[in-house]
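Reading the structure
Residue strings, one per chain:
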Amino acid sequence: MTARSITVADVPALLAGAEFFSTSAAGEGIEFAGVWLEDILAHTGPVELVAADDLDPDTPCAAVGAMGSTVAMAELPPSGDEPVVLARSLAGRFGAPLGAVMPLNAASVNALHPVAAAAVLGLPLIDCDGMGRVFPLIHQTTYELAGVSLSPLAVVSAGHDSLLLDTGSARAEQIARSMAQAAGGWLLCGMYPARVARLREAAIHGSVSRVLEVGRVLCEHASGDDRSGHGTARHERLLRELTAATGAAVLGGGRVVEIGPSVRQAGTVYPGNPVGMVVHDHDSGRLIRLEAHNELVLALSDGALAAAVPDLLCLLDRSTLRMTGPERLTAGDQVDVLCVPAAPVWHSVAGLALGGPGAFGFPLRHPREEGR
Amino acid sequence: MEGARIGVRLAAGHAHAALVAGGEVRQAAGRSADDRALSRLLRGLAQGTPVQSVTWDVSAELDPASAGSPVAAVRILPRMPFRGLGSGHPSPLLRALVGRQAAVIGGHDLFGVELAMLDIYALLRDAAEAEAQGLTALALTATGAPGCHDHELVAGELIRDALPQLRVSLSHQVGGLGLLDREAATVINAALLGRAEQVVERCGRVAGGLGPLTSSWFVAGDGGRISAERLRLLPVLGLSATGAAALTGAARLAGVDDAVVGLARPDGLAVGHVRDGLPHVATDLPGPGGVRMAVPQAALTPISGSAAASASAFALLAEHDQHPAVVAVAGEAAGGGDHNRAATDRARAVAARLPSATVLVEPPAELAAIGAAGTEPSAWLDTVLYAETAEELARKRAVVEQRALTLVAESGARLGSERVVSSRALSVSFLRSGSYRLVVRAGGRAEDDA
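Residues numbered from 1 in each chain as written. Chains lettered and ligands numbered in written order. Predicted model: local features only at pLDDT ≥ 70, side-chain atom pairs only at ≥ 80, totals over all residues. Heavy atoms only, no water.

1. Regarding empty space enclosed by the protein
For the coordinates displayed, the defined rule picks out 7 cavities of 30 Å³ or more. Space inside the largest cavity adds up to approximately 200 Å³. Around the largest cavity, the lining comprises 20 residues; the ones closest to its centre are Ala66(A), Gly68(A), Asn110(A), Val134(A) and Phe430(B). Put simply, the parts of the chain that give the lining of the largest cavity at least two residues each are strand 3 (60–68) and helix 3 (70–75) of chain A. Of the residues forming the lining of the largest cavity, the biggest block, 3 residues, is contributed by strand 3 of chain A. Of the residues contributing to the lining of the largest cavity, the split by class is 14 nonpolar, 5 polar and 1 charged. Within this model, the second largest cavity holds a volume of roughly 90 Å³. Pro77(A), Pro78(A), Ser79(A), Leu77(B) and Arg79(B) are, among the 14 residues lining the second largest cavity, the residues nearest its centre. In the lining of the second largest cavity, the residues fall into 9 nonpolar, 3 polar and 2 charged. (1 Å grid on protein atoms, 1.4 Å probe; cavity = no way out; pocket = protein on both sides within 12 Å on 5 of 7 lines; lining within 4 Å. Points joined across faces, edges and corners; volume = space filled by probe spheres on them. Helix = DSSP H or I, 4+ residues; strand = E, 2+ residues; numbered from the N terminus. Nonpolar A, V, L, I, M, F, W, Y, C, P; charged D, E, K, R; others polar.)

2. Quick look at the packing of helix 1 (residues 35–46) of chain B against helix 7 (residues 179–208) of chain B
Residue and element names in this part refer to chain B. Their axes nearest at 9 Å, the elements helix 1 and helix 7 cross at an angle of 45 degrees. Considering the angle they form, helix 1 stands oblique to helix 7. Crossing of helix 1 against helix 7: the hand is right-handed. Each of Asp-35, Leu-38, Ser-39 and Leu-42 in helix 1 lies in contact with helix 7, whose residues at this interface are Arg-202, Arg-205 and Val-206. Along the lines of polarity and charge, the residues of the contact of helix 1 with helix 7 split into 3 nonpolar, 1 polar and 3 charged. (Axes fitted to C-alpha atoms, helices over the stretch in contact; angles between N-to-C directions. Parallel < 35°, antiparallel > 145°, perpendicular 65-115°, else oblique. Left-handed = near helix turned anticlockwise from the far one by under 90°. Contact = heavy atoms within 4.5 Å.)

3. A few points about the packing of aromatic side chains
Residue and element names in this part refer to chain A. Taken as a whole and judged by the stated rule, the model has 5 aromatic pairs over all chains. Here Phe-20 and Phe-21 contribute two aromatic rings whose centre-to-centre distance is 5.1 Å and whose plane-to-plane angle is 75 degrees, an arrangement assigned as edge-to-face. Members of the aromatic cluster, connected to one another through ring pairs, are Phe-135, Trp-346 and Phe-360. Above the face of the Phe-135 ring, Arg-133 is positioned so that its terminal group lies 4.4 Å from the ring centre. (Phe/Tyr/Trp six-rings, centres within 6.5 Å; stacked < 30°, edge-to-face > 60°. Lys NZ or Arg CZ within 6 Å of the ring centre and 35° of its normal.)

Here it is as C-alpha cells:
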C-alpha cells in the first residue's frame, strides 16, 4: 500500500505545486482556493491519497475538475456540496456509488477541487491525473487517448444549476462551456466514469504526489526556510531544485521587454484571447517569444521553435521566487522560462494530434516530431 | 520658504514629521500622545512658514489587531454554503474580527447578470441579530459586486433605514476582484470604522491648528493620498502606507520619476519600483496579519542577510532594470542612533556595489515622512468587462479610465492635472473570447502643489 493522507498542512504545498503545473496562465489568482480547501479539510479531516493499484480494480471512479475561469471562481466560490450532486448523477451509470475520485488534471485550481471532492464525499483520491498540466479543453486528456469516454458528463454550477450530458466528448465540451458562461463563469464537472482497472493505461500516475513534491520546494524557498544563500544563490538553488524535481530545462531568463495581446488569429474552439510576451535572455542576448492562449503554449528563441505544447512552459518570478504569468507581469519584470517535458504519452502521434501545436492552430511540428 | 507641505508618520505614541518646501527639508520627532504635544511639534517644524497641507501616514494607528472591533460579516451568494464548508478564514486576525458570520441569497456574475434575487428578509433578520448581539458594524460582500453592485447598494440602504446605528461597509467600495480577499478587506474596513473616525478628527484638528488654509490628507497603501472623508469611509486604504510613502520619498529626493529602489533597513533591504512618481503596487500581497486583501499596496520584496548579501542581490536586479537605481536609508533621520547607523551602513554598502549612476539617499528626515509630504492624489480600479471588438473595448475602457480620473479629482487634484498612469486590459483565461480584466491607475497633482 502507498496510501497516505492530504491534510490542512499540505495545502500550501499543493497550491504552490498547482501554480507550477498550471503553465503560467491558468494558475494565476488561485490562492482563494487554498483558503477554501483548508477550511474544508479542517471540517472533514484528511483525504486518503492512494495509488490506483491499491484499489479493487472494479471500484467505480470518476474524474473531477472545474471548467471555466479561475477569476470567476474567485468571485463566485463553490458552495461546498457540488461534488455531492456530481456523485449522485454519476452513480446511476454504475448502479452503485462512486468508490474513489481522481483529478481531471492535477494543476491550477483543478489540483485542489478533487481533494475537496474526496473530502466532502469521504472517498479516497487516486494519485493520478489525465493531463499532467493544464489544457484548455476537458477532452484533451490521456483518459481520452486511452478510449475512456468523457461522458456521461455531470456538471453543476455554484448556483446549483446541474446537468447530465450523454454525448460525444467534443460536443459535451461545447455544450458545457456555453453553460459555464451563463452560470457564473465556471462549472464543476464529474467525467470519465470508469472502473479503476481502466486507469492503469489511461492515467498519468503519481501526479498528485508530484504536485506536492514541487510545491514543497517552492514553499521552502518562498518562506525563506532555505538558509543556504541569499539573492542570486537562492534563486539559482531554487532553479536547480525545480529542474531536478521535474526534469525541466531552463530556456533562458531575463527581463520582460514586451507583453500584450497577440496579433495572431486563434481558433474559435478555445475560450480566452491570445497573449504574447518577449523575454530578453540576459546570458545569451536572445529574445524568447512566448505565445499564450489561456496557458503558455509556445516558445520561440530568436525566431526558432524552442518548446511547444504539450510540454509545459512555466515562468518563475526572480524577485519573489514564485511562479508567475502574463496576468501578473509587466514589462521590466524579471523571469526565468522553464520547459517541463510532458508525460511520454503526449509525445505519441495521437497525443500530439490532441495536445500538440497543431491542436492550438499553429502550423508547426513539435520539436519531438522533427526526427520522425 | 513658501508652499510648504508637511508629512507625518504616527506610530507607537510618537510622531516623525518632515516639512518639505522647494528643495528644503526640515525634520522633527517627538511624542504624539496628546493633541497639544503634536500641535507644538508641528508648529515648531513650521517656524511660521505657511503650511499648505499636512499628509498623515496613520497605518500604525489603524493596526486592525489592536484597533479593530468585531463586526458581522454577511456574504451575498446565489446558494448557501453547504454545512458552512469553505466559509471560514484561516487567519487568526480575521477570526478575531468576525463576531458573526452569515450568508444570504443574491448576487451577480462578473458581467452583471443577476444570479439570484436578493433575499431582503434574511438580510434584515441577520443585520438585526448582529445588532442585538452588540455588534456595531457590518461588512457586506456580494458575489459579482465589481461587475454590478446593485445588491450591495440596496442591502446597505435597507440596513441603514432599519438599523441606523449599525455602520455598513460595502465590498465594492473597498476592493477589487475575488470574493474571499475582498470580504477580508471589507471586514477589516468595517472593524476600523470607529478608530478611523477618531484618527481623522484628531489629525484634522491638529492640522487646522497650523492655520485655516492648511488642509489635512492621508497616505494610502498604494502611495497616493486620500481625503479625510475617504479615509473615514474606507480606513483599509490607509493600511501598509509606510512602505509606499518611503518609496515615494526616495524617488523624490533622488529627483527621478522612475526607479528601482532599495530601502535600507538595519535588518535587510526592501526592494520596490517607482513608475511615473508612484510606487509599483499589487493586490495579491499579504496585508495585516498576513491576510490577503484585494486592495493595492506597494510591492516590496525583502532581501534579508548581511549587507554584502543584500548588495549583491540588489545589484543583480538593478543591473537588468532599465530605470536608475536608488538606495535610500529607510529609518528615521539619517545618522541618528544605532538603529539608523546600521541602516545607513547597509545603504552605503549596497550603493558601493552599484554603478556610479546609482543615487544614494541619506534623507535629512524620516524617509516615510518626506514621502508622505510628497504624495499626490491617485486612484486604482480593477474590473472585468466584455467587448466583442477592439473599438468596443476602447470605448468601455475610456469609461473606466474616466471614473478613475474622477476619483483623482475628488482627492484634491488640480484641475487638468489628472492623468491615467497605467491602463491594462488583460484577457481573462477560460472565459468567452472578448472577456477582459481592466486595471486602471490614475494620478494627479494636488491643488497645493508648489
